[in-house]
Amino acid sequence: MAYTLNNEQLSAVQNTEGPVIIIAGPGSGKTRVVTERIAHLINSGTSGQNILALTFTNKAANEMKKRVHSITNNQDAFSIWMGTFHSIFAKILRKEAIKIGYTNNFTIYDNEDSIKTIRRIIDNKNLDKEIYNPKYIFSKISFLKNHLISDTKYFEQIDLIKNDKINNQEEFKNIYQQYVKICQTSNAMDFDDLLIKTYDLFKHHVETLKKYQTLFQYILIDEYQDTNKVQDAIVKQLSKKHQNICIVGDDSQSIYSFRGANINNMLQFKNYFKTVKEFKLEQNYRSTKNIVKVANILIEKNKNKINKRIFTNQEEGEKIKLFEYYNDREEGDKTAEKIQESIYKNKTNRDEYAILYRTNSQSKAVEDGLRKRGISYKIFGGLSFYQRKEIKDILAYLKLITNHHDDTALLRIINYPSRGIGLTTVEKLNEIANKEQTSIWSILNSEKIDQLKINSSTKNKLHNFKNLICDFHTKINEDLFTTSQFIVKKTQIIDKLKENLNEENINRLENISELFNTIKFFSIKETNNSITDFINEISLDENHDQKEINNTEHVSLMTLHQSKGLEFKYVYILGVENGLFPSQKKTKHQTDIEEERRLFYVGITRAIKNVCISYALNRFKFGTVINSSKSCFIEEIEHLLNIDNITKYNTTYKNQSLLNKNKHYINKQKNKSSLDYNPLKKLKKISSDIYRDKRLLKIGQKIKHNIFGIGEITNIDLSDGNEKIKVIFQNSGEKILLTKFAKFEIIE
DNA sequence: CGGTAGAATATTTTT
DNA sequence: TATTCTACCG
């Protein structure tokens, strides 16, 4: 990226006043333009706190802050309001919570929390879960919220209600209303609430809106093609005063309509603001001519788009390759083999390879192949660290002591670890809280509890639970690490897991250790390290694993969605089959097909040097094999691809097909008997600190940490009772680790 | 109330 | 196949 800015890029950087739209094709140096633009503002004397920059991930925001800082050499870069819509608005909402009937320690519900809440409502109403599928109800509510149709508004939508009647879902409106109410009494917001509550706040509190309108002199929003209606509305609220608003995006890369994203926000920007300056970044600095050609031909099939033509001055490069495989296993295996060969032949690093797929579940087959060959890899996404059961359990304690009314947290732990409060009791509590329209905690604290038909021993247990939480609450202002340790000790969560050291529990214990490590880091690193701050950060921090690992060399595995904004030298796109990609559910409507095509476009344009596309003729789904065929998208570009391998492969495959079936079976048996490696447990198995003898540590000792790699101990600190070691890692620099929790092994 | 075994169900994509 | 739910027994 050592090129200087081209004219169009330069104009995009320097035109800071008034509404600006930057249409930035893939690889067009967009990130650089955005960064330079912000740096330019800072250099021209704008104070960081007067700039609002909304990005698509928090990771991108942090990197950008650092870059702006290094360009400007101005500490002000760190005071820019930069982050995702959700995290910035959460920050604002915590400040202004009182105005909208919340307190500033409100809880943020993730999707699992929301669905659990909805399931509870459906249970309470004794509705048929076949008709009222909690997941479906949740996505419907989410859709409505993102389109600014509140529960009260919904009651006025005659056609929607009529529709529910036809579908035998008359109760939906009441579920929606109840869900909103429970979130309120629980002092909790789901992801969508973070947006709509902000919108409502600004709508109903003019003085607050004015405050932020004045504060944000310059507003910049990246990936505007993936904003939804609420986000668009808030942006319009905020930019009204100064109108220094710059939106950046590429309509051809809009891939999030399932969560309400609407390309039209971008397409209609020019109609809303009258004097919009438009810049088109059409030169691609990333990919070869061959890649750009295929991408262009593909996206041309889409009707709804802004006209532009991406071009590149990079080398011609190789043709994109197409492979056909017998089944998904073979696809995974051969892909791993190809990567191994390529690493050897081209002398490249593993981190220059990415394997992309449509659904998370597809990672398994490739993982097997990579593992077999000892190629280290890293799966992005999937089940995030903070979504694991054992982690959520502990976090639920932290949530509950800061916000007693968080019913979801309470229900999660009222009987975990089991303390004799069973389902029947919980149901009774739930029922009365529901009837009184209040939180369960309020019930526990009122005389209502005496009216319940619960025997005295259970009542006593409830009483003890209440006291336990109150006891924890008194520690709320102490150090976060101390508090959480106290909780774990008092509840005996760890002790109980240790009683039965099976593989699963060992894994849980390791994850809990990892959590404590994070907590310790957090309380050392952050100045305001209250429980609320911690919860806030992790609730919106999508991927814990992904940040820490960036120094180890590994092949990246991720969904096509997650690959947005990234680039790799070599990209492998797997499972390009009808029914999978485009997804079965997206083949009906033209707009859906177009979005899937954009997703393919995103995948292809991640590559710098080459892309390999593959599909399999048979694929495992729900444990059974189903036939599949190559995607209709391939047909659109097939004349540009290198298909040499297809015909060659087909002749051998027929003879092998029977053999493969047997092989598959044998492999399966083998895997079962040998120490089974569960991909979900990933890298966590490298060492088990529960058994490690820590007395052997001394300065100069070499250790191997499962995240930071190999390093040498340079200091040992016993001052506060917890042994801390300072380690200089070869690749990750200096780290302070708590021996009690860090996962590493002693080497040599 | 707690634990477990066998049955049912799920695969789009994510802040 | 892998995870979650349900029914039943102690």
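About the criteria used
- By convention here, each chain's residues receive numbers from 1 onward along its written sequence.
- Whichever chain is written first is A, and whichever ligand is written first is 1; the rest continue in order.
- Whole-chain, interface and lining totals are the exception, using all residues; otherwise, since this is a predicted model, local features are given only for residues with pLDDT of at least 70 and side-chain atom pairs are given and counted only at 80 or more.
- With hydrogens and water stripped out, all remaining heavy atoms of the structure feed into the side-chain values.
- When DSSP finds at least two bridges between two strands, those strands are taken to pair.
- Strands here are runs of E lasting at least two residues and helices are runs of H or I lasting at least four, both read from the DSSP assignment and numbered beginning at the N terminus.
- Comment: axis = line fitted to C-alpha atoms, over the contacting stretch for helices; angle = value between 0 and 180 degrees taken between N-to-C directions.
- Per-residue confidence from the predictor is reported as pLDDT, a score between 0 and 100.
- Any two residues whose heavy atoms approach within 4.5 Å at even a single point are treated as in contact.
- Proximity is defined per residue: any heavy atom of the residue falling within 4 Å of a molecule or strand makes that residue near it.
- For the purposes of these results, a polar contact is taken to be a pair of N or O atoms within 3.5 Å, where, inside protein, one atom must be able to donate a hydrogen and its partner to accept one; residues adjacent in sequence count only when each atom of the pair is a side-chain atom.
- Nonpolar residues are Ala, Val, Leu, Ile, Met, Phe, Trp, Tyr, Cys and Pro. Charged residues are Asp, Glu, Lys and Arg, and all others, Gly as well, are polar.
- Basic side-chain nitrogens of Lys or Arg form a salt bridge, by our definition, when they fall within 4 Å of a carboxyl oxygen of Asp or Glu.
- When a residue's accessible area, from a 1.4 Å probe over protein chains only, is under 20% of the maximum for its type it is buried; when over 50% it is exposed; and in between it is partly exposed.
- The length a helix should cover is 1.5 Å for every residue beyond the first.
- Orient the strands so they point away from the viewer, and a crossover whose first-strand-to-second-strand path over the helix runs clockwise is right-handed.

### Comments concerning the sheet that holds strand 8 (residues 277-281)
(1) Moving on: A sheet is described by the order of its strands in space; here six strands give the open sequence 3-2-6-7-1-8, paired in parallel fashion. Every interior strand has two partners, whereas the edge strands, strand 3 (81-83) and strand 8, have only one. Pairs of neighbouring strands in the sheet enclose a mean axial angle of 10°, with direction left out of account.
(2) Moving on: Across four bridges, strand 1 (residues 20-24) lies against strand 7 (residues 245-249) in parallel orientation. Paired with Ile-21 across the bridge in strand 7 is Ile-247.

### Focus: the confidence of the model for chain A
(1) Moving on: The pLDDT averaged across chain A works out to 85; a share of 87% of its residues lies at or above 70.
(2) Moving on: Note on residues 546-550: pLDDT under 50 across the span, and 10 contacts to partners over four residues away in sequence or across chains.
(3) Moving on: Note that pLDDT drops below 50 for residues 651-695; the model gives that stretch 65 contacts with residues more than four away or on any other chain.

### Topic: the protein's contact with DNA strand B
(1) Moving on: Near DNA strand B you find 28 residues, and of these Arg-358, Thr-424, Thr-425, Gln-562 and Lys-585 are the closest.
(2) Moving on: Per the 4 Å cut-off to the protein, sugar and phosphate atoms form 53% of the nearby atoms of DNA strand B.
(3) Moving on: Within the side chain of Gln-562, a nitrogen or oxygen atom sits 2.4 Å from a phosphate oxygen of DNA strand B.
(4) Moving on: Residue contributions to the surface near DNA strand B peak at three residues, all from helix 20 (residues 423-436).
(5) Moving on: By residue class, the composition of the surface near DNA strand B is five nonpolar, 15 polar and eight charged.

### A closer look at the pattern of salt bridges
(1) Moving on: Applying the stated criterion across every chain yields a total of 43 salt bridges.
(2) Moving on: Ionic pairing is found between Lys-140 and Asp-164, a salt bridge with its closest N-O pair at 2.8 Å. Within this pair, whereas Lys-140 is found in helix 6 (residues 134-146), its partner Asp-164 is found in helix 8 (residues 158-166), the two being separated by 24 residues in sequence. The pair Lys-140 / Asp-164 is uniform in exposure class, with both members buried.
(3) Moving on: Measuring nitrogen to oxygen at the nearest pair gives 2.6 Å for the salt bridge that ties Glu-577 to Arg-619. Placement of the pair is Glu-577 in the loop between strand 15 (568-573) and helix 29 (590-604) and Arg-619 in strand 16 (residues 607-621), with a sequence separation of 42 residues.
(4) Moving on: Among the residues examined, Glu-577 registers a relative accessible area of 1% and is labelled buried.
(5) Moving on: The class for Arg-619 is buried, based on a relative accessible area of 10%.
(6) Moving on: Taken together, the shared-partner salt bridges connect Asp-110, Glu-112, Asp-113, Lys-116, Lys-392, Asp-393, Lys-399 and Arg-412 into one network.

### Some remarks on helix 26 (residues 503-525)
(1) Moving on: The end-to-end C-alpha distance of helix 26, which contains 23 residues, comes to 33 Å, matching closely the 33 Å that a straight helix rising 1.5 Å per residue would cover.
(2) Moving on: Helix 26 sits mainly inside the fold: 18 of its 23 residues count as buried.

### Structural notes on the pairing of strand 7
(1) Moving on: Strand 7 sits mainly inside the fold: five of its five residues count as buried.
(2) Moving on: Of the two faces of strand 7, the one holding Ile-245, Ile-247 and Gly-249 and the one holding Cys-246 and Val-248 are both buried throughout.
(3) Moving on: As paired strands, strand 6 (residues 218-221) and strand 7 are joined by three bridges and run parallel to one another. Across the sheet, residue Leu-220 finds its bridge partner in strand 7, namely Cys-246.
(4) Moving on: Once the chain exits strand 6 it traverses helix 12 (residues 229-239) before rejoining the sheet at strand 7, and the crossover so formed is right-handed.

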